[in-house]
There are 2 protein chains.
Amino acid sequence: MATSHFASLTQDYPWISPSTPLITSAPMRLISTVPLTLAVSRAGGIGFLGGGTDVSNLSSLLHEATQFLSSSPIPNVPEKILPIGVGVIVWGASLPSTISAIQNSKLKPAAVWLFAPENSTDLVTWSTEVRKASNNLTKIWIQVGTVQSAFEAARTCNPDVLVVQGSDAGGHGLVQSSSIISFLPEVYDVLKAQGYGHIPLVAAGGIVDGRGTAAAVILGASGISMGTRFLASTEAEISNGYQNAVLHASDGGVSTKRSTVYDRLRGTTGWPSTYDGRGILNDSFFDEQNGMNEAENRRLYEEAVKKGDLGWGKDGKGARMTTYAGTGVGLIREVRRAGEIVNEVAEEAQKFLSRS
Amino acid sequence: MATSHFASLTQDYPWISPSTPLITSAPMRLISTVPLTLAVSRAGGIGFLGGGTDVSNLSSLLHEATQFLSSSPIPNVPEKILPIGVGVIVWGASLPSTISAIQNSKLKPAAVWLFAPENSTDLVTWSTEVRKASNNLTKIWIQVGTVQSAFEAARTCNPDVLVVQGSDAGGHGLVQSSSIISFLPEVYDVLKAQGYGHIPLVAAGGIVDGRGTAAAVILGASGISMGTRFLASTEAEISNGYQNAVLHASDGGVSTKRSTVYDRLRGTTGWPSTYDGRGILNDSFFDEQNGMNEAENRRLYEEAVKKGDLGWGKDGKGARMTTYAGTGVGLIREVRRAGEIVNEVAEEAQKFLSRS
């Protein structure tokens, strides 16, 4: 098991709970803003801001977080560190803007989480530049979806953490991949055999509670990241329509699916063709399946956008909006404070891991 | 955790190892014959014969197993029981032939594992008839791929075990599903809430060793089933070409994929459209992706069939044959005796589950 990494993680991020697996919140674009991110870190995890492809406001977000913390500090945070991370979508985010925001921030973000480069060599550039801009204070987390890319990232970037994302994850991920059930152990074994066993693995995809967390640790992870679970948090920046859809969905392998339809309808272009998005299926998806042409579907989508929460339907009918979420939706029934989610998931996981 | 079911499983199948999770071998058509099946049961698990859609020789298989056991008994087997199971593909297998084989067998198979009915009501018919034909000695295992079908099977058939198959599984399964990371806990919770928490769950899909097994137990299973791992067993009835392909494949989420192409090329019709098959990708798949028409692809497939092991290629080139396997292929590097696989997986799992 990867418990040997708990010590190195606690060293790198001294505010995290030392005796439970590391719990992180995924960098969900527009949703993982400062309140959610800080709440997760405050509870002994690491929250990640959703930088997405637009990091133009990153400076002000880092400043906002710094202000909050100056009046309400989190204990055990090293002097020059901001105890949160920033996630970026590499194919689209501006490296100069990211570097500039890091340089201008009095406190350096604890980590930058890199996802979806156009070319894998971009990860080398980003890793090098972020480390330089932060005087090596900011750690590099790289998200991967195949064993090959995990090995390549380890070899070329020496990341501080590898985020191992499986097929159950919500939002964007590889069109083709396996779940962490086999992916995580295979990465763990390959990295260990190749001399990269020192890199902690953070598992993502389908994990919503202590059971999935403990399972991930047994499979080789030192920590986990949750997206969907935090969609149903008090602090998430999310519309009621979207959040209610997450709460009401059940049978996660049936109610969610990987597809490109939602990006096409909302005009999100730029994702490499090896990626798609997992979300809760609704009329936009089913109408396309039934032969509706994309122009018409897009027209209906744009109307739905104007309807606010009603874009997610009413009484179970008429939902068309993008509702990215993972297969764990069926296990999520209530909105909770992010800090409570972190504590409960970590404690439940630790109970499983320390049973005799 | 589902450890409370260990006791009831040991009661129903008294030869199984009492202090480790139940390890079973999946009923792989043509591959899971008597030697593999008996070896797994002999090692304290439960082996399942691959009845498939053709149960015309089931009588002779049960007789063969009975003969082996009369000269070399497995300890702790109840008097009238054959300590193996039989898996059937319900949309195609003959119920009368199955019933007849059970009635004519001196010893009744410990379980019949039902998979892929055309209509879910067929499961009720099969469950009822098998129980009747065996004087209630043969247990009913039902394999499911959605939470809804798990609940419906529980409600209508009162199965003795539910096999919960996730998206990583090799061979046939649902086109659309999630992995056991979220599927297993969701089934566990729903069944418990609905009063069916007494039904043990056996997890399948992506599990090849003690890590996956322990993870499955934490997620809610009382046992597991492996297919791919047993493809690489001494006793499996499998060609060298197929077995070598399993040993050499890595990056299971990249080297395997769910597809209908192999069934189409080899003329296997009859599977409901909600099913496809996960296998190791080779030229048959890639040529179709690149636009080859099906008639030409089928012609090449039929030539490959005649080549024996060379149908799986040479020096990494020219493989065209069906090579059903799960995402766990990357973790499988050597052929082992099935009994050793059972023992090692069970012991490794138990180490994880009893750590303090």
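The residue numbering used here restarts from 1 in each chain and proceeds along that chain's sequence as written. Chain A is the first chain written and ligand 1 is the first ligand written, with later ones labelled in order. Two thresholds apply to this predicted model, a pLDDT of at least 70 for residue-level local features and 80 or more for giving and counting side-chain atom pairs, whereas whole-chain, interface and lining totals are computed over all residues. Only hydrogens and water are removed before side-chain values are computed, so all heavy atoms of the structure are retained for them.

Enquirer: Is there a simple way to explain helix H8 (residues 210-219) of chain B in this structure?
Expert: Helical geometry: 3.6 residues make up each α-helical turn, so side chains three or four residues apart lie on a common side. All names here are of chain B. Three labels apply to residues, based on accessible area from a 1.4 Å probe with only protein chains included: buried if under 20% of the type maximum, exposed if over 50%, partly exposed otherwise in between. Counting from the N terminus, the helices are DSSP H or I runs at least four residues long and the strands are E runs at least two residues long. With respect to burial, H8 is a largely interior element, 10 of its 10 residues being buried. Those residues of H8 that fall on the buried side of the exposure criterion are Gly210, Arg211, Gly212, Thr213, Ala214, Ala215, Ala216, Val217, Ile218 and Leu219. Any pair of N or O atoms that falls within 3.5 Å is considered a polar contact. Within protein, one atom must be able to donate a hydrogen and the other to accept it, and sequence-neighbouring residues count only if both atoms are side-chain atoms. With a side-chain oxygen positioned 3.0 Å from the backbone nitrogen of Arg211, the residue opening H8 is Asp209. Count one or two residues on from H8 and you reach Gly220, which has phi positive near 130°.

Enquirer: Sorry, what's going on with the packing of aromatic side chains here?
Expert: When we look at a pair of aromatic rings, we describe it by the centre distance and by the angle of the planes. Residue and element names in this part refer to chain A. Pairs were defined over the aromatic rings of Phe, Tyr and Trp, the Trp ring being its six-membered one, requiring ring centres within 6.5 Å. Orientation was assigned from the angle between planes: stacked under 30 degrees, edge-to-face over 60, tilted for the rest. Tallied over the entire structure, the rule returns 24 aromatic pairs over all chains. Each ring, one from Phe48 and one from Trp141, has its centre 4.7 Å from the other, and the planes form 55°; the classification is tilted. Residue Phe48 is found in strand S2 (residues 46-52), and its partner Trp141 is found in strand S5 (residues 139-144); the two are separated by 93 residues along the sequence. Ring centres of Phe285 and Phe286 lie 5.5 Å apart, and the angle between their planes is 80°; this geometry places the pair in the edge-to-face category. On the accessibility criterion, Phe285 (7% relative accessible area) is buried. These aromatic residues form a ring-pair network of at least three members: Tyr13, Trp15, Phe48, Trp113 and Trp141.

Enquirer: Would you take a moment to explain the sheet that holds strand S11 (residues 275-280) of chain B for this structure?
Expert: Remark on secondary structure: sheet strands pair via backbone hydrogen bonds, oriented parallel or antiparallel. Residues and elements named next belong to chain B. Any two strands with at least two DSSP bridges between them are considered paired. Sheet architecture is open: three strands sit in the order S7-S11-S10, paired in antiparallel fashion. The sheet is open, and its two borders are formed by strand S7 (171-174) and strand S10 (256-259), each paired with just one other strand. Averaged over all neighbouring strand pairs, the angle between strand axes comes to 35°, with direction disregarded. Sheet analysis places S10 next to S11, joined by four bridges and oriented antiparallel. Within S11, the position partnered with Ser259 by the bridge is Gly277. Note on geometry: axes are lines fitted to C-alpha atoms, helical ones only across the stretch in contact, with angles between N-to-C directions running from 0 to 180 degrees.

Enquirer: Before we go on, may I ask you to explain the confidence of the model for chain A in this structure?
Expert: As a per-residue quantity, pLDDT reports the predictor's confidence and falls between 0 and 100. Looking at chain A, pLDDT values average 96 and 98% of them are 70 or higher. Predicted complex, confidence summary: ipTM 0.97, pTM 0.98.

Enquirer: Could you clarify how one ought to interpret the pattern of salt bridges in this entry?
Expert: Any carboxyl oxygen of Asp or Glu that lies within 4 Å of a side-chain nitrogen of Lys or Arg is treated as forming a salt bridge with it. For the coordinates displayed, the defined rule picks out 32 salt bridges over all chains. Residues Glu334 of chain A and Arg336 of chain A are paired through a salt bridge, measuring 3.7 Å at the closest nitrogen-oxygen approach. Exposure remark for Glu334 of chain A: the relative accessible area of 46% places this residue in the partly exposed category. The exposure class of Arg336 of chain A is buried, given its relative accessible area of 18%. Of the charged contacts, one joins Asp209 of chain B and Arg211 of chain B as a salt bridge, the two residues approaching to 3.1 Å between their closest N and O atoms. For Asp209 of chain B, a relative accessible area of 14% puts it in the buried group.

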